[in-house]
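# Coordinates in review
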Amino acid sequence: SPPTYYDTETFEELIRVRVDSQREGDWEGRHLWCRVFITCPKADDAEKPPRFPVVLISPGFLLKASQYRNYSESLAGNGYVVIRYEIPSETLTRPLDDVNAVKCIGQILDWFETPKSILTLSSLQQYYQQQERQQEDHKPQKSRPDAKQQKLQRLPDVSSGLVETVEVEDVGELGLNPGLGLGLGFSRPSITSEESRLLAKADINNVMLVGHSRGGKLAVLAQENDSRVRSIFLMDPVDNTKYAPKSRRFPSALDSLQRASPVPMAVIGAGRGSDCAPKGSNYEVFFDNAKGERLLVEISGAGHFAFLPFVTAVEQSICSEGKVPAEKVVLVTESTLRLWAERTLKDRKGSSPNAPEQFLAELNESLAGIELSTLSINCSL
């Protein structure tokens, strides 16, 4: 693994995001909970730089944030605030469309800029609990619970790992206004003062979007209209396929690349990932359609899920493993991701980016010790 320079701390938050109508009667007028994991460098306030670039990792379809933890810890140890997320209410039979998934990415980044205006699960729980206590003081012992108490009983326990969707009308009935910091006299109660101090170091205008599989497509789509994004890093990305054909709710990332202002983009491709990332929708077409600085690292013997240190038996049965061990693919990806972040994020804060020759020399040196003969590099800087 690449060297690290900071101790890190990871904490979890549940952020409530708004989604619009996907189709009649589904997702319409609703909010969803995003489970967010934030890994921060533990730096003294007097230490420079005072703010760290932000990296947001979008997972593959129905994959868990925990499967990308090694990347977040490696990056945070090198001076980045790293965000991983997952949407617990999304299922195989009820997927979130790409337009709404991109909305989630933008609102997670917004949360860093306007934390007091976002309704969190813990603050809503606290409100419900306060209401329940007040009502208990004025009700007979055997009275029937009212609607608010019933909602409290349905509210998910943060520690249980089970998160349900909370409807917009639930909030409206309680008189909460998320745009006014809840009006409850407190905000973000689950964030400690130390976590707040660490969050304040995030440079939210210096962002890299990282995505694996479908998450790579989402990273490209999210970048198109978000000026905070300075760089993209994709792990075996997938555009539209027969399972998610191009449509209004599932737009093509390739079209987005043609429309958007160019930002540096690195792509790591799995040569044996075509069962889950078919030709014509895979890493090759992302690289071919990229404008501006671009990097392609191809691991010809890797499978689509080789970027993850662990997968479930079900996931293993869906995509072939390939011939390259996941441990080596993860090491290649960690090293490339770190160097790409250094080139496209940190260097923008001061000195000019390294010359292409120097960057490639550093990349080759970093990858040389991994002993991977099936690796090729294509670079246009």
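All right, on to the state of the cysteines then. Scanning all chains against the criterion turns up 1 disulfide. Across the disulfide, Cys-276 is cross-linked to Cys-319 (sulfur-sulfur distance 1.7 Å). The disulfide joining Cys-276 to Cys-319 has a torsion of about -100 degrees about its S-S bond and is therefore left-handed. Here the residue Cys-276 occupies a position in the loop between β7 (265–270) and α9 (283–289), and Cys-319 occupies one in the loop between α10 (313–318) and α11 (326–344), the gap between them amounting to 43 residues. Its sulfur unpaired, Cys-34 is 4.0 Å from the next cysteine sulfur, which belongs to Cys-104. When its relative accessible area of 0% is taken as the criterion, Cys-34 is described as buried. According to the relative accessible area criterion, Cys-104 is buried, its value standing at 0%.

As a further point, take the side chain of Thr-336. Checked against the element boundaries, Thr-336 lands in helix α11. Using a relative accessible area of 1% as the deciding quantity, one classes Thr-336 as buried. The contact partners of Thr-336, leaving out residues within four places of it in the chain, are Phe-233, Ile-268, Leu-295, Val-297, Leu-363 and Leu-367.

For the rest of this paragraph, the subject is the pairing of strand β5 (residues 202–212). Where burial is concerned, most of β5 is hidden: 10 out of the 11 residues are buried. The pairing of β5 with strand β6 (residues 229–235) spans 6 bridges and is classified as parallel. Each bridged residue has a counterpart across the sheet, and for Val-207 the counterpart in β6 is Val-229. The parallel pair β5 and β6, bridged by helix α7 (residues 214–223), forms a crossover whose chirality is right-handed.

Counting 53 residues, the largest nonpolar core has Ile-38, Phe-112, Met-265 and Phe-286 as the members making the most contacts within it. Element by element, the count of residues in this core is highest for helix α2 (residues 98–113), at 8 residues. Apart from the residues within four sequence positions on either side, Phe-286 is in contact with Lys-217, Val-220, Leu-234, Pro-237, Val-238, Asp-239, Ala-253, Leu-254, Leu-257, Met-265 and Ser-281. Within the second largest apolar cluster, 38 residues are counted, among which are Val-324, Leu-337, Leu-339 and Trp-340.

Attention now goes to the pairing of β7. The element β7 is extensively covered by neighbouring structure, given that 6 of its 6 residues are classed as buried. Residue alternation in β7 divides its side chains into two sets, Met-265, Val-267 and Gly-269 and Ala-266, Ile-268 and Ala-270, and both sets are buried. When β6 meets β7, the two strands line up parallel, connected through 4 bridges. The partner of Leu-234 across the bridge, within β7, is Val-267. Strand direction decides the pairing type here: β7 and strand β8 (residues 294–299), joined by 6 bridges, are parallel. When the sheet's bridge partners are listed, Val-267 is paired in β8 with Leu-296. Considered for its hand, the β-α-β crossover made up of β7, α9 and β8 is right-handed.

Counting across every chain of the model gives 13 salt bridges. Across the salt bridge formed by Glu-9 and Lys-42, the nearest N and O atoms sit 3.9 Å from each other. With Glu-9 in strand β1 (residues 8–19) and Lys-42 in the loop between β2 (30–41) and β3 (52–58), this pair connects stretches of sequence that are 33 residues apart. Each of Glu-90, Asp-98, Arg-214 and Lys-217 takes part in a single network of salt bridges with overlapping partners.

Another aspect to go through is the packing of α2 against α7. The interhelical angle for the contact between α2 and α7, taken along N-to-C directions, is 70 degrees, at an axis separation of 9 Å. One element, α2, and the other, α7, form an angle in the roughly perpendicular class. When you trace α2 past α7, the crossing you get is right-handed. Counting all contacts with α2, which are made through Asp-98, Ala-101, Val-102 and Ile-105, the residues of α7 involved are Arg-214, Lys-217, Leu-218, Leu-221 and Ala-222. Tallied by class, residues from the contact of α2 with α7 come to 6 nonpolar, no polar and 3 charged.

This next bit is on the packing of aromatic side chains. According to the stated counting rule, one finds 3 aromatic pairs in the structure shown. Taking the centre distance of 5.3 Å and the plane angle of 90 degrees together, the rings of Trp-111 and Phe-112 count as edge-to-face. With relative accessibility at 0%, the residue Trp-111 sits in the buried group. Taking the centre distance of 5.8 Å and the plane angle of 65 degrees together, the rings of Trp-340 and Phe-359 count as edge-to-face.

Despite not being glycine, Leu-62 shows a phi value in the positive range, around 65 degrees. Here Leu-62 is to be found in the loop between β3 and α1 (69–77). Look at Ser-213: it is not a glycine, yet its phi comes out positive at around 60 degrees. With respect to the helices and strands, the residue Ser-213 is situated in the loop between β5 and α7.

A cluster of nonpolar side chains, Phe-61, Leu-62 and Leu-92, forms an exposed patch at the surface whose accessible area comes to about 270 Å². The exposure class assigned to Leu-62 is partly exposed, which follows from its relative accessible area of 34%.

What counts, and at which threshold
Residues numbered from 1 in each chain as written. Predicted model: local features only at pLDDT ≥ 70, side-chain atom pairs only at ≥ 80, totals over all residues. Heavy atoms only, no water. Disulfide = S-S within 2.5 Å. Helix = DSSP H or I, 4+ residues; strand = E, 2+ residues; numbered from the N terminus. Buried < 20%, exposed > 50% of the residue type's maximum accessible area, 1.4 Å probe, protein only. Contact = heavy atoms within 4.5 Å. Pairing = 2+ DSSP bridges. Right-handed = clockwise from strand over helix to strand, strands pointing away. Core = buried A, V, L, I, M, F, W, Y, C linked by side-chain atoms within 4.5 Å. Salt bridge = Lys/Arg side-chain N within 4 Å of Asp/Glu carboxyl O. Axes fitted to C-alpha atoms, helices over the stretch in contact; angles between N-to-C directions. Parallel < 35°, antiparallel > 145°, perpendicular 65-115°, else oblique. Left-handed = near helix turned anticlockwise from the far one by under 90°. Nonpolar A, V, L, I, M, F, W, Y, C, P; charged D, E, K, R; others polar. Phe/Tyr/Trp six-rings, centres within 6.5 Å; stacked < 30°, edge-to-face > 60°. Patch = residues over 30% accessible without salt bridge, like charges linked within 9 Å, V, L, I, M, F, W, Y side chains within 5 Å. Areas by Shrake-Rupley, 256 points an atom, 1.4 Å probe, with all protein chains shown as cover.

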